[in-house]
Amino acid sequence: MKLANVAALYQMRLRAQLGQELLALLGIAVGVSLLFAALVANTSLTGSFERTTKGIVGKARYEFAARGEGFDERMLSKVEGLSGVAAAAGILEVRAQARSGRLRRSVLLVGVTPDFAKLDGAVSPVFSYGWLADVTALALPTPLVHELRLTLGQSVILDVSGHSVVARLGTKLQASDIGSLIDSPVAIAPLHYAQALSNRVRQLSRVFVVPKAGQDSRVRAELTRLAAGRIDVRAADFDAALFRQASQPTSQSTAMFSVFSAMVGFLFAFSAVLLTVPQRRQLIADLRTEGYGPRTIFKVLLFDALVLGVVASAVGIVAGDQLARHLFDQRPVFLEMAFAFGSERITTPTTVVIAAAGGVAASLIAVLGPMAPSLLRGADIEPLDRKPGRLDSALLSSGLVCLAAGIVTVIARPSLAGIGVGGLVFLTVAMLLLLPLILRRLVALLDLATEGIRSIVPFLAITDLRDPVTHLRSLAVAATGAVAIFGSVALQGAHADLQRGLDRTSADLSSIGDVWVVAPGRANLLATTPFRAPTLRVPPGVISRFADFRGSFLDVGDRRIVVYGSPASARRPIPRGQMIDGDTTRATRLLRAGGWAVVSAALANQLGLRVGQRFVLPSPVPTPLRVSALSTNMGWPPGAMVLNSDDYARAWGSDDVSAVHATLAPGVTQAEGAQELRRALGPRSGLDVQTAAQRERDQRAASREGLTRLTEIAALVLVAAMIAMAAAMAGMIWQRRAFLARMKVEGYSAGELWRSLLLEAAVLVGAGCAIGALFGLLGQSLLSRALTSVTGFPVLYSVAVVDALLSCAAVTLVSVAIIGVFGRRAASIDARVGVR
Amino acid sequence: MSLLSVEHVGKTHQVGPYQKRVLVDVSLTMRPGDLFGVWGPQRSGKSTLLRLAAGLEAPDVGVVRFDGTDLATLRKAQRDALRLRDIGLVQGEGPQSQAFTVLDHVAVPLYKRFKPRQARGRAMAMLKKLDVAECHDARWHQLSDCEKALVGLAHGLVREPRLLLVDDPTAGLDTLQQQEVIELLRKAVVEQNVAVLMTSSMLAAVTEAHESFTLSDGRLLPVTDASRPGGAVIELRRGSDQQRG
Amino acid sequence: MLELHSVVKHFASPGGEVIRAVDGVSLSIDPGEMVALYGPSGSGKTTLLKIIAALLRPDSGAVRVGSRDVLALSKREAAAYRLHEVGFVRQQPDFVPGASAIDNAALKLFDELRRRDARRRVEPLMHRLGLGDRLRHAGDELSTGERQRVLIARALSTEPSLLLADEPTGNLDSRRSRDVMELLCELCHERGVATLLVTHDPLVAGYADRALELHDGRLQDYVGDSSHL
């Protein structure tokens with residue numbers, strides 16, 4: 001058959017089935033949009049960071065990066081003096097907080113020189129401006145300027161390195177100046193000015209190096225020699241790898257949720273397409289009788305599927321783009337503590353292709369799948385032979401095998417992310433395989449239970465549920481609910497477990513001291529910004545003792561871990577309840593003694609460390625330590641390490657602290673203590689005083705913010721499932737109107753028919769959701785275990801029965817309510833339709 | 001030379017657990033311009049006979065030849081092509097697909113040969129010829145029994161077949177309407193030189209054909225065969241329907 | 001039992017033309033009497049049935065079943081009237097696809113009896129209709145004639161005083177038509193059910209005690225005239 005004729009055939013059927021085609025389209029579009037939005041969110045996160053990095057480093061191949069706060073700027077001329085080096089440029093990066101009035105924002109103060117132009121990066125032009133040589137002013141990206149409500153020439157206060165300094169806003173940077181850095185919280189200043197502001201005279205934190213042509217390995221060797229084991233020599237874009245590693249949990253959880261959303265969307269589409277299966281079968285039967293061969297029929301079906309898939313994917317991608325803009329656009333706050341990155345949205349052709357391919361594939365499977373047996377046989381289209389006995393036992397045995405595999409995975413505590421995901425897949429497949437059997441048992445039970453009821457209502461509901469013609473559609477409805485609830489219960493439950501774990505970690509970390517003196521700013525939540533310890537004079541009887549706390553980020557391998565130097569004098573220098581392998585009391589004793597460190601399990605795993613083993617910490621002054629215990633990652637995905645504060649000072653070769661703890665004298669409240677400390681610091685100090693309670697609150701808020709995206713996607717999945725089930729059921733009910741009319745001719749009332757439709761919907765949706773919830777709880781335990789052992793997050797597992805029941809009930813109620821509205825209209829059909 | 005020849009054909013269907021002998025040693029020869037009628041009650045094998053003649057089913061024993069060629073020796077695709085072009089099969093139930101309008105239904109057989117516009121044009125012309133053009137936009141289930149019969153014929157004839165197989169076109173029609181349908185078939189036989197094999201559950205309808213048969217326990221017997229006494233054939237001769245009225 | 005008095009129902013065609021589907025029909029049927037209403041398709045037979053079944057209001061006239069004024073029934077009462085007092089035999093699509101033969105037959109009893117009792121109630125009727133070995137069969141395991149007999153069992157299950165039959169043999173060949181008609185005849189006479197049978201098949205009309213013909217909405221005696229056949 002000619003293509004034009006296939007199209008004509010499609011067109012004539014479309015007129016008759018527009019509603020059903022639109023439902024199918026909606027289903028696929030929902031799946032594609034969620035998949036697309038999640039893909040965009042993920043690629044944007046790492047992509048925008050990579051672009052920013054590339055924009056800065058330009059042609060540079062290597063970076064010479066300080067392990068602590070910085071190294072002497074004379075190192076730059078030494079690097080430039082190396083024989084293989086073509087060009088080099090140094091920068092100073094210091095974490096700071098910018099204030100204007102009551103508005104404040106964490107920024108990365110970057111000191112640069114006109115040398116930067118030599119790197120030829122995307123942002124080079126701005127560095128070559130003449131003003132950089134000797135002005136004493138800051139340049140801020142325009143969005144940041146607006147956020148702080150600043151005007152050119154106005155003053156901005158910077159809290160940096162433990163004091164407050166006033167700087168002038170000299171330039172508003174446009175996207176044309178700094179490219180993708182425009183959305184990053186950076187403050188750019190001439191190097192000397194930045195050094196002066198941050199009190200880091202003659203210091204650099206990084207030198208970017210462009211080797212002469214063909215001299216790469218030579219330069220690397222020369223740089224390594226120069227670094228003498230105290231400075232990191234690595235690829236210039238190494239930060240991107242660190243970032244990828246750190247953002248992995250975010251990306252993975254988003255991806256996993258998206259897969260579930262896509263599955264729900266697909267089931268949605270599948271049940272919508274199933275509504276049109278009888279019509280397609282009839283069409284094929286007609287065409288076969290005419291003498292059209294299997295190739296023509298395949299073409300006709302393929303055309304159906306492709307039109308549906310392509311249109312739905314296009315709609316889905318447009319909708320997904322909107323989702324990515326408005327819902328998935330917030331960035332994970334916690335990553336800002338260790339990385340400066342933009343919020344650019346990046347849509348790559350790959351993303352579009354993957355999403356569209358998903359949509360078209362879903363459509364192909366949904367349209368061609370149910371027809372495959374007839375197509376393959378090439379014979380006349382007849383209903384599939386139903387051999388319930390054999391199919392049932394096959395379903396049961398394969399379902400049980402999958403379930404067993406899933407449970408084994410749960411018990412085995414997967415040590416690889418892949419195994420965890422595999423376990424989830426097993427559980428999902430087991431659920432889908434067992435669903436038909438459970439549903440059939442349920443209907444039989446219902447039949448038995450309502451035997452004694454004098455009403456047509458249960459009878460009609462039960463016979464509809466048993467109707468072989470609509471059986472597959474009923475299953476698809478139940479499966480949609482099951483998959484959506486499964487995904488949402490498993491992921492939300494694991495999310496809640498993680499949240500509880502993180503909350504306890506926040507409490508543990510904050511309670512090391514009663515009141516904290518720290519550098520201000522949200523980016524300093526983990527107390528990683530160093531400053532010179534101030535001298536604090538407080539009236540006697542308020543503070544019983546002060547202790548120095550030190551902490552910072554350190555790059556170990558491809559991980560940017562957080563290292564805490566905890567004071568030996570603290571009541572609990574090691575956060576309780578974070579131990580995975582080892583004993584807190586012993587670890588505390590060893591830490592106080594010095595030379596021992598608590599290492600997070602995932603990090604230890606990567607480095608091949610066990611308890612008791614020695615290792616050298618790659619700090620500014622490489623320092624040998626021994627592992628006293630293995631812990632969780634304490635909420636920082638790449639990993640964490642706790643050592644003695646004095647060990648830390650030696651390892652960093654500096655007495656700077658990142659917090660001063662005050663232990664309160666008996667009878668003094670945290671608020672009173674904080675007030676005295678504030679008074680002692682004086683108004684000009686760039687430091688902040690926080691009570692343990694306050695710090696805990698802030699940390700909790702930050703960790704919640706980082707995980708909101710999960711909640712939002714879960715909600716979307718549930719909403720999509722509700723629409724899907726309601727739409728599929730409504731479609732089924734709509735097709736049954738003529739039958740309802742005939743029942744009315746028999747003398748049954750609209751009310752009775754409506755109640756039977758409601759009962760049927762409630763059984764189908766309710767059972768699907770309940771089964772989903774049950775398997776979801778298994779999935780939750782699997783995910784929570786995987787989170788602990790794979791990523792090392794602190795997870796507090798507790799069975800989320802209440803949450804499961806709630807989402808189950810909510811989805812069932814809302815879907816049944818929507819179906820009820822349609823059912824009402826269907827049941828009120830004119831009885832006369834029932835007589836020819 | 002014969003157009004359709006059915007030679008000693010037998011066919012058994014599996015009905016639930018038991019086997020039903022639908023056709024037993026059935027033979028039949030048709031030339032262009034023949035109009036044959038087969039009378040028989042429902043499920044007596046009339047439709048099976050037509051499906052065998054259309055190459056939709058293969059006989060268990062015996063041979064079905066179209067134009068001298070054993071249909072069983074053709075490839076499936078060849079049999080398909082034959083049906084699309086030379087053999088029009090008009091089934092009693094009309095199209096299974098509810099999506100088709102009458103015009104679409106009549107045009108469908110032409111889509112391999114013509115562009116959509118041409119196909120529809122020819123279909124419309126055929127509907128006009130059979131005087132049912134006014135319902136071209138209706139759906140099958142909205143038609144009256146008589147309109148269904150006529151649209152069915154249009155659908156069969158539109159491809160200009162050499163053999164037209166018509167399954168029970170008189171179902172649900174009153175006597176006048178039956179006459180009208182038979183008359184149309186006679187006309188088609190003469191004008192298009194097509195061979196028509198029709199079935200009916202109304203005896204009166206088939207006795208109008210050039211030759212009429214009945215299917216009884218799977219055997220094809222001539223209706224006028226006086227050598228077989230008794231049985232349904234004699235009792236329900238033409239006009240006997242009114243005996244109780 | 002059933003009394004129609006000057007019942008009129010006109011429709012307006014899309015072209016504005018008035019179609020006199022039922023044009024002043026008066027008719028009375030006694031208990032146990034079977035009346036055949038003969039007429040070609042489109043003669044208003046089904047319209048008349050709809051009016052009697054309280055599915056359609058006539059423009060004027062009166063319809064009484066027993067002592068009940070059918071036209072005065074509310075929607076709810078009309079449903080109860082159809083459920084308990086009228087048996088309505090139509091064609092196959094009425095078969096509930098997911099249910100067995102006996103459940104289909106007992107369908108109208110489920111509101112007043114437990115399912116088990118309802119089945120027990122219709123079982124003798126099913127045996128009577130020759131469906132004794134078909135009770136648990138699903139719709140697709142029954143022949144057309146068997147399905148039609150199940151629907152007759154359903155219509156008679158509530159022991160109605162009035163039976164309406166719309167082309168009860170429409171899908172059957174003449175032999176099975178006769179079987180079904182003979183059974184229907186017997187049961188109606190035996191149970192004293194007033195029966196109105198609509199058909200365009202003269203054979204079927206022949207079974208009735210009285211045969212009437214509806215022509216252009218008007219009722220006349222049906223003469224078994226063979227001249228136009």
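Positions within a chain are numbered from 1, following the residues in the order the chain's sequence is written. Chain A is the first chain written and ligand 1 is the first ligand written, with later ones labelled in order. Local features are withheld for residues below a pLDDT of 70 in this predicted model, meaning they are given only at 70 or higher, and side-chain atom pairs are given and counted only at 80 or more; totals for whole chains, interfaces and linings count all residues.

(A) How the structure looks around the overall build of chain C. Put simply, DSSP H or I for four residues or longer makes a helix, DSSP E for two residues or longer makes a strand, and each gets a number counted from the N terminus. On a plain count of helices and strands, chain C comes out with seven helices and 10 strands. Computation of the radius of gyration draws on C-alpha atoms alone. For the globule rule, the value is 2.2 Å times the number of residues to the power 0.38. Its C-alpha atoms give chain C a radius of gyration of 18 Å, near enough to 17 Å, the size a compact globule of 229 residues would have. The dimensions of chain C, computed from C-alpha atoms along their principal axes, are 50 × 45 × 35 Å. Within chain C, the fraction of its 229 residues that count as buried is 50%. For the exposure call, what matters is how many other C-beta atoms sit within 10 Å of a residue's own: 20 or more marks it buried, 12 or fewer exposed, and in between partly exposed, using C-beta atoms placed from the backbone.

(B) Main features of helix α2 (residues 75-84) of chain C. All of the buried residues in α2 of chain C are A78, A79, R82 and L83 of chain C. The buried side chains of α2 of chain C occupy one side of the element, clustering within an arc of 135 degrees when seen end-on. Placing a C-beta atom from the backbone of each residue, one calls two residues in contact when those atoms lie within 7 Å. In the core, the buried residues of α2 of chain C are packed alongside α22 (737-746) of chain A together with β6 (86-89) of chain C. What the arc covers is the set of directions going from the helix axis to the C-beta atoms.

(C) Structural context of the domain arrangement of chain A. All names here are of chain A. Per the domain assignment, the segments of chain A are domain 1 (1-58 + 245-384), domain 2 (61-235) and domain 3 (520-686). Once you take the C-alpha centre of each, domain 2 and domain 3 turn out to be 28 Å apart. Listed by partner, the interface residues are 15 residues for domain 2 and 22 residues for domain 3. Contributions of two or more residues to the side of domain 2 that touches domain 3 are made by β3 (85-100), β6 (155-160) and β7 (163-173). These domain boundaries are the output of an automatic or database domain assignment.

(D) Layout of the environment of L287 of chain A. Within the secondary structure layout, L287 of chain A lies in helix α9 (residues 277-290). The sequence separation of L287 of chain A and I297 of chain A amounts to 10 residues, and the corresponding C-alpha distance is 7.5 Å.

(E) Layout of the confidence of the model for chain A. As a per-residue measure, pLDDT tells how confident the predictor is, with possible values from 0 to 100. Chain-level pLDDT for chain A is 84 on average; 94% of the residues reach the 70-or-more range. This stretch, residues 378-386 of chain A, has a pLDDT under 50; its non-local contacts, to residues over four places away or in other chains, come to 10 contacts.

(F) Looking closely at the sheet that holds strand β1 (residues 2-12) of chain C. All names here are of chain C. At least two DSSP bridges between two strands are needed for those strands to be called paired. Judged by pairing direction, the sheet is antiparallel, and its four strands sit side by side in the order β2-β1-β4-β5 without closing on themselves. In the strand order of this sheet, the two ends are held by β2 (18-29) and β5 (68-69), each with one partner. Where strand β4 (residues 60-65) meets β5, two bridges bridge the pair, whose relative direction is antiparallel. By the bridge assignment, R64 is partnered in β5 with D69.

(G) Region of interest: the interface of chain C and chain A. In this complex, chain C contributes 29 residues to the contact, which on the side of chain A involves 21 residues. Mapped by element, the contributors of at least two residues to the side of chain C that touches chain A are α1 (45-52), α2 and α4 (115-128) of chain C. In terms of residue count, α2 of chain C provides more of the side of chain C that touches chain A than any other element does, five residues in total. A class-by-class count of the residues in the side of chain C that touches chain A yields 15 nonpolar, two polar and 12 charged. When residue character is reported, Ala, Val, Leu, Ile, Met, Phe, Trp, Tyr, Cys and Pro are called nonpolar, Asp, Glu, Lys and Arg charged, and the others, Gly included, polar.

(H) Layout of unusual backbone geometry. Notably, A527 of chain A is not glycine yet its phi reads approximately 55 degrees, a positive angle. Structurally, A527 of chain A is set in the loop between β12 (515-518) and β13 (543-556). The backbone of E159 of chain C shows a phi angle near 50 degrees, a positive value even though the residue is not glycine. Here E159 of chain C is to be found in the loop between α5 (144-157) and β7 (162-166).

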